[in-house]
Amino acid sequence: MDKILEAVVMSSYPNNVKQGLVRRVIEAAKQPMDSEQCWSMLELSTKLYLTGDTKYKREIGKEVLEVYGHYHPEEFEEFFNVRFLLSLLQEGYGPLGKRSHYVLDYIQLGLQFILESPSANSIFSLLRIEVLRKVCERPSPKQCAKISKLLTQHPQCIPTGKHQVLFCQQLIRCIGQFQCVSEGEEDIMEFLEQVNKVSGLLQRIWRTQTSAILPSLKELFTIISSTEEQEAPSNALASVVQFVPLELMDGVIRNLTNDDSITDVQMMTAIGRMIDWVSWPLGKNIDKWIIALLKGLAAVKKFSILIEVTLSKIEKVFSKLLYPIVREGALSVLQYMLLSFQHSHEAFHLLLPHIPRLVASLKKEDSNSATSSLEQLAELIHCMFFRFSGFPDLYEPVLEAVKALPIPNEDRIKHLLGQNAWTSQKNELACFYPRLVSKSETGKIGLINLGNTCYMNSIIQSLFMASDFRHSVLNLTEGNSQPLMTKLQWLFAFLEHSQRPAISPESFLSASWPPWFTPGAQQDCSEYLKYLLDRLHEEEKTGKRIYQKLKESSLMSQAVEHHYLNKTLIEKMFGGKMMTKIRCLKCLNVSSREEAFTDLSLAFPPPDRHVRGSTSVLPVEEIGPQFIEPPENPSQLTGSPWIQRKAPMAGDPAASLMPVETLGFQEPGEAANPLSGDAVGVDAAKDPLSALGEQACAPKDSRSVPDLINYFLSPERLTAENKYHCEKCASLQDAEKVAELTEGPHYLILTLLRFSFDPRTMKRKKILDNVSIPVVLKLAAPGSGFMSVMYDLCSVVVHSGISSESGHYYCYSRECTDTVPQGQPRDGAPKPASDKQLDFEIQWYLFNDTRVSFSSFESVSNVTSFFPKDTAYVLFYRQRPGRQSCLLHEALAEAGRLHGEPSLHKDLMEAISKDNILYLQEQEKEARNRAAYISALPKSPLWWRDFDRDKDDDSSSGGCSPAAGGGGSGSFHGLVF
């Protein structure tokens, strides 16, 4: 009968004819048959099943085997013996070089017929040894899947005892070497199915034998932490982790992170490879294990590992948000990585170029998954904006991309940041400030934040960029009896000449720190600036008094005497004078008092008071000698500004104010206001600044700096509880107080009083009104003795936040000088300071602690429009040369011509030189250490390919289109592997 069956199968008859003949043979096989005939048929069916070159032949072999196993069990058991199976497993079946791939399928098929036979136990015992040997030979994913299928169906064949643990470990080793060689979608799905079968077997074993779990995980960690492997282990290992019971997670992570035998490089390699697992589709709980290990590392303060891994992997994790199949897990890991990385903006800034493209892709996808992810991503981005403010130029495109998405409230942001931080102790991360490989491309140097010291950093950078002040400080002689000024000189010198990208102002902070400031807490930068200038001023005055005593003892030359009896440097640079006059409204007596100031604190007018625009100038006839002098008879009071300038009442139109004018803010076509004396008229049509000024001008109902100055200088009515005690009347009387600038400072510092006390909440609140800032400011008081003065904007300190006790400071600065070094005329004559180039073409810089970048006046003007909590707080203006200030400007210009760049004294130059050498040595050492660290990171496909695939390609469709998570079959392959 075997000959007949073989002849039929090998014949050229059509399959339907063959099938009929085979049916007859199989039916005959159900009848009693002698042993020899059974063996012949079993040998033939074995041959057909194992070596058949068509699926049809293998199917016939299978059918015949099943019939004989069922109807001739004794013969089948005798044929399917231990020796035969051992030969199949160890030597294979078929011609040499063409061994059958179906041996395991064949054994699985035959086992069902010998389960109750006496030889079953010996066969199971053989298979327990052989499957262990097989997995030690690292079979292919397909063969591993067959072993798993065999053992899942016949668990009696699973190795036991110590062999079982070894089997699990070796099976994990096999999975670690799995690779999918094809890029076809069907082949990939088949590969995923094979991996799931293998990991499913592990799950089955672990359920019945929990003692095998920890040794298995230890082997898994050994594989992923190995730094010796040429190729990274397969991401298929992710399928193993998903079956580890979550209740074991805490213990496993604790043991790993506290194991001293695991080196930092091994741990970094392992966590890096685990993060790559986010690209494994359909895996459960993988993100939970990754996050748990990251948290475990934070608990034992392994911050250097966390930093390296986050910076090297966060972009790849972010790119996986393109794929719905892995998006949920990738987003969880991304959220933790970003929210925990709070010591530096580096991780978030790596993602900035890619966020707009991802947001556009998710919007286009228009699925529930995409919508949910967009909302979570927007929340994450706003948390990062809140934590790392001060980068408006970088954040603007991102803000534009997410502007239509919900914005979380501040409590929610603080909650998220609070619960995910690596540590609550900020000083533990002090040494891990952003790595700066080289100086900023601007050539400027940043300042390290020493723990909420951005208030100081922004002020120091603003003072440093005040070039006249900087040069004066750097030119100070050695041994000037001014310890704080000497420290400032050293700090300025390092900012000028250091090779470091950023320097620490620690020494200056300790010397200039106001004693009432709380260490580590955010402070008011304006308060710090006032204290600093006052300290420097008083220190120099003390020095002058000492030299006065020396002079009296005739130990000082006349030249030195002249130098020391002049104004202090702070008075020369920042000192102005203001006359405060109070007029009694009964007897018309005027009392006046002149005061010095270093800054003007500008309050915001009440909401019901609308100060007129900056080009509204006091008419000439209303400003005259009678402004101060009392009239000869009361009838002259009719035209007096004292009568017209009544105290502002609710609903009253704004009073006429002292003129504050800004170039470029005049409405087109409006005639320049007539000014008398030395005042300078402005012709909007001719002034080259007008056009830009109109663009920079805020909406009509918003405030401007001139509005606030006008309000500051406007008359104040003293009535009721605020009545003035008139010496002439010898009683309390209604009066009017007015302030008048009598001497403009070289550098005009304006503080916008944004913080006020709210009695309802008992907290200081912030006024978030946008204030338009003119690039050129003109102060004029015709007839008052104060000549028109032009000021150029040179620094803007911005506060980001809603409270003075929190938030962040950064500053915009440019270097205003009397002449522009670039683009000099051919004859060498310097260009005048009023040239358009000075106002708009001088480069702006953005100083944000260690980071310094190029910026523009457009960014200065628009920052609050894009970021409502980022508001201008302290402004520095530099006075242009004029008759009033010619002596100081000439002195500064002469000093510049004589000395050029300030020459530093020997000790200071040596200190800078030594530090530059030390920095180079530090760089070399760090480069070596970092190279050793980075070489341990697993190599993975370039993350940006995921973005490159996500083009607008209308031809792609189906389950692997960009919208569904890829860009054709190739991108699905890239996703998984």
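Position numbers for residues start from 1 in each chain and track the written sequence from start to end. Reporting of local features is limited, given that this is a predicted model, to residues whose pLDDT is at least 70; pairs of side-chain atoms are given and counted only at 80 or more, and all residues count toward the totals for whole chains, interfaces and linings. To obtain the side-chain values, all non-hydrogen atoms of the structure were included, while hydrogens and water were left out.

The protein chain goes by Ubiquitin carboxyl-terminal hydrolase in an unreviewed UniProt entry, where it is assigned to Strix occidentalis caurina.

1. Some words on the overall build of the protein chain
Within the protein chain, the secondary structure is distributed over 39 helices and 21 strands. Taken across its 977 residues, the protein chain has 51% of its residues classed as buried. The contacts in the protein chain between residues at least 6 apart in sequence include a share of 76% that link residues at least 24 apart. When the accessible area of the protein chain is evaluated, it comes to approximately 45300 Å², of which 52% is carbon and sulfur surface. Secondary structure elements are taken from DSSP: a helix is a run of H or I of four residues or more, a strand is a run of E of two residues or more, and numbering for both begins at the N terminus. To sort residues, take the accessible area from a 1.4 Å probe on protein chains only and compare it with the maximum for the residue type: under 20% means buried, over 50% means exposed, and anything in between is partly exposed. The criterion used for residue contact is that any of the two residues' heavy atoms lie within 4.5 Å. Here, Shrake-Rupley sampling with a 1.4 Å probe gives the accessible areas, and only protein chains in the shown set may cover a residue.

2. Re the packing of aromatic side chains
Each Phe, Tyr or Trp ring, with Trp reduced to its six-membered ring, pairs with another whose centre is within 6.5 Å; inter-plane angles below 30 degrees give stacked pairs, above 60 give edge-to-face pairs, and intermediate values give tilted ones. Following the criterion strictly, the structure yields 31 aromatic pairs and no others. For the pair phenylalanine 391 and tyrosine 395, a centre-to-centre distance of 5.7 Å together with 55° between the ring planes defines the contact as tilted. Both residues of the pair, phenylalanine 391 and tyrosine 395, belong to the buried class. Three or more aromatic residues link up through ring pairs in this structure, and these residues are Trp39, Tyr49, Phe76, Phe79, Phe80, Phe84, Tyr106 and Phe113. Between the NZ or CZ atom of lysine 444 and the centre of the ring of tyrosine 845, over which it lies, the distance is 5.2 Å. Charge-over-ring placement is defined geometrically: NZ (Lys) or CZ (Arg) within 6 Å of the ring centre, and within 35 degrees of the ring normal.

3. Some points on the pattern of salt bridges
Once the charged atoms of two side chains with opposite charge are near each other, the side chains can pair. Salt bridges are defined as contacts in which a side-chain nitrogen from Lys or Arg sits within 4 Å of a carboxyl oxygen from Asp or Glu. Counting across every chain of the model gives 28 salt bridges. Of the charged contacts in the structure, one is a salt bridge between lysine 414 and glutamate 410, with a shortest N-O distance of 3.1 Å. Within this pair, lysine 414 and its partner glutamate 410 are both found in helix α23 (residues 410–420), separated by four residues, close to a single helical turn. One salt bridge connects lysine 444 with glutamate 815, and the closest N-O pair in it is separated by 3.7 Å. You can see lysine 444 sitting in the loop between α23 and β1 (446–447) and its partner glutamate 815 sitting in the loop between β18 (808–813) and α34 (836–841), a full 371 residues away along the chain.

4. Considerations on helix α7 (residues 103–111)
Burial runs high along α7: nine of the nine residues are buried. Buried within α7 we find Val103, Leu104, Asp105, Tyr106, Ile107, Gln108, Leu109, Gly110 and Leu111. Those residues of α7 hidden inside the fold are in contact with α3 (35–51), α4 (55–71), α5 (73–79), α6 (82–91), α8 (120–136) and α9 (141–153).

5. Considering the packing of helix α16 (residues 286–299) against helix α17 (residues 303–319)
To obtain an axis, a line is fitted to C-alpha atoms, over the contacting stretch when the element is a helix, and the angle between two such axes runs from 0 to 180 degrees between their N-to-C directions. Running from N to C, α16 and α17 point in directions that differ by 140°, and their axes come no closer than 8 Å. Touching Leu294, Leu297 and Ala298 of α16 are Phe303, Ile305 and Leu306, all from α17. Polarity classes work like this: nonpolar for Ala, Val, Leu, Ile, Met, Phe, Trp, Tyr, Cys and Pro, charged for Asp, Glu, Lys and Arg, and polar for all others, with Gly in that last group. Of the residues contributing to the contact of α16 with α17, the split by class is six nonpolar, no polar and no charged.

6. Considerations on the environment of leucine 192
Residue position: leucine 192 is located in helix α11 (residues 185–208). Residues leucine 192 and proline 281, 89 residues apart in the sequence, show an inter-C-alpha distance of 8.7 Å.

7. Considerations on the sheet that holds strand β4 (residues 590–597)
Strand pairing in a sheet is mediated by backbone hydrogen bonds. Such pairs are either parallel or antiparallel. Note on pairing: two strands pair once DSSP finds at least 2 bridges between them. A sheet is described by the order of its strands in space; here four strands give the open sequence β4-β3-β11-β8, paired in antiparallel fashion. Because the sheet does not close on itself, it has two edges, and the strands there are β4 and β8 (716–718). Direction aside, neighbouring strands of the sheet carry axes that sit 25° apart on average. Strand direction decides the pairing type here: strand β3 (residues 576–584) and β4, joined by eight bridges, are antiparallel. Paired with threonine 580 across the two strands is arginine 593, which belongs to β4.

8. Things to note about the environment of cysteine 383
Residue placement: cysteine 383 occurs in helix α21 (residues 368–387). It is 8.7 Å that separates the C-alpha atoms of cysteine 383 and glutamate 410, two residues lying 27 residues apart in sequence. When sequence neighbours within four positions are dropped, the list of residues in contact with cysteine 383 reads Leu339, Ile413, Leu416 and Leu417.

9. Considerations on the packing of helix α10 (residues 162–176) against α11
The axes of two packed helices give the description: the angle between them and the distance between them. Where α10 meets α11, the closest approach of the two axes is 11 Å, and the angle between their N-to-C directions is 155°. For the element pair α10 / α11, the angle class is roughly antiparallel. Crossing of α10 over α11 shows left-handed handedness. Two secondary-structure elements touch here, α10 through Gln164, Phe167, Cys168, Leu171, Ile172 and Ile175 and α11 through Val198, Leu201, Leu202, Ile205 and Trp206. For the contact of α10 with α11, the class distribution of residues is ten nonpolar, one polar and no charged. For classification, angles of less than 35 degrees are called roughly parallel, those exceeding 145 degrees roughly antiparallel, those between 65 and 115 degrees roughly perpendicular, and all remaining angles oblique. Helix crossings fall into two classes, left-handed where the near helix is turned counterclockwise from the far one by less than a right angle and right-handed where it is turned clockwise.

10. Some details on the pairing of strand β11 (residues 735–743)
Bridge count for β3 against β11 is eight bridges, and the pairing is antiparallel. Counterpart to lysine 581 in the pairing with β11 is valine 738.

11. Observations concerning the nonpolar core
Nonpolar cores are built from buried Ala, Val, Leu, Ile, Met, Phe, Trp, Tyr and Cys residues. Side-chain atoms within 4.5 Å join them into one set. Core analysis: the largest hydrophobic core is formed by 152 residues, its most contacted members being Leu111, Phe167 and Leu334. If you look at the next biggest cluster of nonpolar residues, it comprises 54 residues, including Tyr455, Phe469, Phe517 and Cys816.

12. Considering helix α12 (residues 213–225)
Expected span, for any helix, means 1.5 Å times one less than how many residues it has. Taking 1.5 Å as the rise per residue, α12 with 13 residues should run 18 Å; its terminal C-alpha atoms sit 18 Å apart, in good agreement. Taken residue by residue, α12 has Ile213, Ser216, Leu217, Glu219, Leu220, Phe221, Ile223, Ile224 and Ser225 as its buried positions. Tucked inside the fold, the buried residues of α12 contact α10, α11, α13 (238–241), α14 (249–257) and α15 (264–276).

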